[in-house]
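Per-entry structural report
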Amino acid sequence: MAAISVSAIAAAAATNGVKMAPTSQAYLESKAVSETRSLISDLCRQFYTLGWVSGTGGSITIKVHDDSIPRPEQLIVMSPSGVQKERMVPDDMYVLSASGSILSAPSQKPYPYKPPKCSDCAPLFLKAYEMRNAGAVIHSHGIESCLVTMLNPLSKEFRITHMEMIKGIQGHGYRDELVVPIIENTPHEGELTESLAEAIEAYPKSTAVLVRNHGIYVWGDSWISAKTQAECYHYLFDAAIKLHQFGLDWSSANHGPVENLEGVLSVGRKINMSAKARNLRSNHEDQLPLHCIVLDIEGTTTPISFVTDVLFPYARDNVARHLTATYDTSETQDDIKLLRSQVRDDLEKGVAGAVPIPSDDAAKMDVIAALVANVEAMIKADRKITALKQLQGHIWRTGFQNNELEGVVFDDVPKALEKWNDSGIKVYIYSSGSRLAQRLLFGNTTYGDLRKYLSGFFDTTVGNKREARSYVEISESVGVDKPSEILFVTDVYQEAVAAKAAGLEVIISIRPGNGTLPEDHDFKTIKSFLEI
């Protein structure tokens, strides 16, 4: 009787739909594992030409994609340590279980090859898999990722904004501020595991961690996502280095001249700061010792009447039209999922206006009718909840795109934004409206696109605006040494109290149509941003 190979058994099992245990020898020799091995060797050759894995440094790991196995349980294929990455072949790879146990190791090669060894990055890779449910992780020694951590030896973060390639980073847009944590290097790779885990936990939106004087770890949902983001990160690091050489600020919206206290860069390059910026700095240095300004929208940058009389009615009147036209899109299905969760919670708490939403298999129009009823009740109650704000943002986007809406700001706002921008002060928006809605409003105003003056946007995903911890989160996200370097401007007394409790400087905006303030409040007030 002829012998049957393990690979033949694996192929037969796959053909007959038999599910193999992922740790079985048959599965280890399956097509999915073999293709992942080959993919890593191909990618390492490409990464070598980019300078990411030269000198045997750097590494890559990819999970074996299998729809029948949950990602946390999928096998891990990992490149070895201390080998010429551009000369690796599929059989050189290690295969690990989801917990990190080695299931398959390469054979010893003759001299001058060293004994095989699994990547020294393995503990760090496993952390990224565990904490981010990643599908692939890349560790690069690209020179850009090393040098960018040296531009400011004391900085714990790399920040950049208003660069096209930021759009290639998961969850980011052109005008967003990209923040990448920096951890300190250690003599041995495995010793970085704890600090990497702390950075991953402290920066939940980040898909990368820089290691000073060393390189970068980048992860993604798949190898394509990880590779795309790694390319974008290296581009942005290179751009920051070049902007630094030109004496320009890569972290500001306009990338204008940068100047230290002596007016000289650390590399000794003299900076010819614009006369306008120098005069503004001279005139306001004593009066405004701030690094950042965070602005509320409703009643601060924008009349309350625009929100209550224009935006809210537009969203309310177009809920049914929007849901009907976009019902089957993934974006709207995500909106509906959030609304379902919110309504379930509302029904349990007996919130007025909440009505049950039929299940997904109910008639489409029945589902939409229930959604409309709930959204209208939420809008009427002016609820500051993510489920409502996300849907409103998507409805308003259509309105702005169709020129049915135009953003309104007070007359002093554009002048103040330009002045602060020229002074090197970063300006952020913090509103209960979604980040999308914020970008739409400031990108389509009667004064044109004002987003060029803004470094970033915060919404209620960082927390409730009346809770101090939300402002602590913001202060930890905008790159200041202490919260008092941030000025928060709002029209709402309770928000001012919360921001002050977090250590921020606070000014209350007095605008037409705003609510009254307690008589005994001790906050400074202004009627125009030009008073700041």
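For the structure, see preceding data.
Residues numbered from 1 in each chain as written. Predicted model: local features only at pLDDT ≥ 70, side-chain atom pairs only at ≥ 80, totals over all residues. Heavy atoms only, no water.

**Section: the pairing of strand E14 (residues 505–509)**
Selection criterion: Exposure is judged per residue with a 1.4 Å probe applied to protein chains only, and the accessible area is read against the type maximum: over 50% gives exposed, under 20% gives buried, and values in between give partly exposed. Strands here mean DSSP runs of E at least two residues long; helices mean DSSP runs of H or I at least four residues long; both are numbered from the N terminus. Between any two strands, pairing holds if DSSP finds at least two bridges. For crossovers, right-handed means that the path from the first strand over the helix to the second runs clockwise, given strands pointing away from the viewer.
With 4 of 5 residues buried, E14 lies mostly within the body of the structure. Of the strand pairs in this sheet, strand E13 (residues 486–490) and E14 are connected by 4 bridges, and their pairing is parallel. The partner of Thr490 across the bridge, within E14, is Ile508. For the crossover from E13 across helix H17 (residues 493–501) to E14, the handedness is right-handed. One ladder, built from 3 bridges, connects E14 with strand E15 (residues 524–526); its direction is parallel. Within E15, the position partnered with Ser509 by the bridge is Ile526.

**Quick word on the nonpolar core**
One broad trend across soluble globular proteins is that nonpolar side chains are buried collectively. Counted only if it meets this: We call a set of buried Ala, Val, Leu, Ile, Met, Phe, Trp, Tyr and Cys residues a nonpolar core when their side-chain atoms join them within 4.5 Å.
Leu295, Trp396, Leu417, Trp420, Phe442 and Phe529 are the most contacted members of the largest nonpolar core, which has 57 residues in total. Tallying contributions element by element places helix H12 (residues 364–380) first for this core, with 8 residues.

**With respect to the sheet that holds strand E3 (residues 94–96)**
Selection criterion: Fitted lines through C-alpha atoms give the axes, limited to the stretch in contact for helices. The angle between two N-to-C directions lies from 0 to 180 degrees. Contacts were defined at the residue level, with two residues in contact if any of their heavy atoms lie within 4.5 Å.
Strand order across the open sheet formed by 9 strands is E4-E3-E2-E1-E5-E9-E8-E7-E6, with mixed pairing between neighbours. Pairing within the sheet leaves two strands with one partner each, and these edge strands are strand E4 (102–104) and strand E6 (157–161). Adjacent strand axes in the sheet meet at a mean angle of 25°, parallel and antiparallel pairs treated alike. Bridge count for strand E5 (residues 136–140) against strand E9 (residues 215–220) is 5 bridges, and the pairing is antiparallel. From the neighbouring strand, His139 faces E9, where its bridge partner is Tyr217. Along the sheet, helix H7 (residues 223–245) contacts strand E1 (59–63), E5, E6, strand E7 (177–183), strand E8 (208–211) and E9; its crossing angle with E9, the most-contacted strand, is approximately 145°.

**Here's the deal with the packing of helix H10 (residues 319–326) against H12**
The following threshold applies: Definitions for this section: a left-handed crossing has its near helix turned counterclockwise from the far helix by less than a right angle. A right-handed crossing has that turn clockwise. In this count, Pro and Cys sit with the nonpolar residues alongside Ala, Val, Leu, Ile, Met, Phe, Trp and Tyr, while Asp, Glu, Lys and Arg are called charged and the others, Gly among them, polar.
Where H10 contacts H12, the axes come no closer than 10 Å and their chain directions differ by 145°. Here H10 runs over H12; the crossing is right-handed. Seen from H10, the contacting residues are Val319, Ala320, Leu323 and Thr324; seen from H12, they are Lys364, Met365, Ile368, Leu371, Val372 and Val375. Looking at the contact of H10 with H12, its residues break down into 8 nonpolar, 1 polar and 1 charged.

**Topic: the sheet that holds strand E12 (residues 456–458)**
If you trace the 6 strands from one edge of the open sheet to the other, you get E12-E11-E10-E13-E14-E15, paired in parallel fashion. Two strands bound the open sheet, and with one partner strand each, they are E12 and E15. The sheet shows a mean angle of 25° between the axes of neighbouring strands, direction not considered.

**Re H7**
Threshold: Take the number of residues in a helix, subtract one, and multiply by 1.5 Å to get its expected span.
For H7, which comprises 23 residues, the first-to-last C-alpha distance of 33 Å matches the rise-based estimate of 33 Å (1.5 Å per residue) to within 8%. Phi turns positive one or two residues past the end of H7, at Gly247, with a value near 75°.

**Topic: the pattern of salt bridges**
Inclusion rule: Salt bridge, as applied in this entry: a Lys or Arg side-chain nitrogen positioned within 4 Å of an Asp or Glu carboxyl oxygen.
A full pass over the atoms with the stated rule returns 31 salt bridges. Between Glu177 and Arg159 there is a salt bridge, and its shortest N-O distance comes to 2.8 Å. With Glu177 in strand E7 and Arg159 in strand E6, this residue pair connects regions lying 18 residues apart in the sequence. The shortest N-O distance in the salt bridge between Lys349 and Asp345 comes to 3.2 Å. Of the two residues, Lys349 and Asp345 are both situated in helix H11 (residues 330–349); the distance of 4 residues between them amounts to about one turn of the helix. We classify Lys349 as exposed; its relative accessible area is 62%. Because the salt bridges share partners, they merge into one network encompassing Glu157, Arg159, Glu177 and Lys426.

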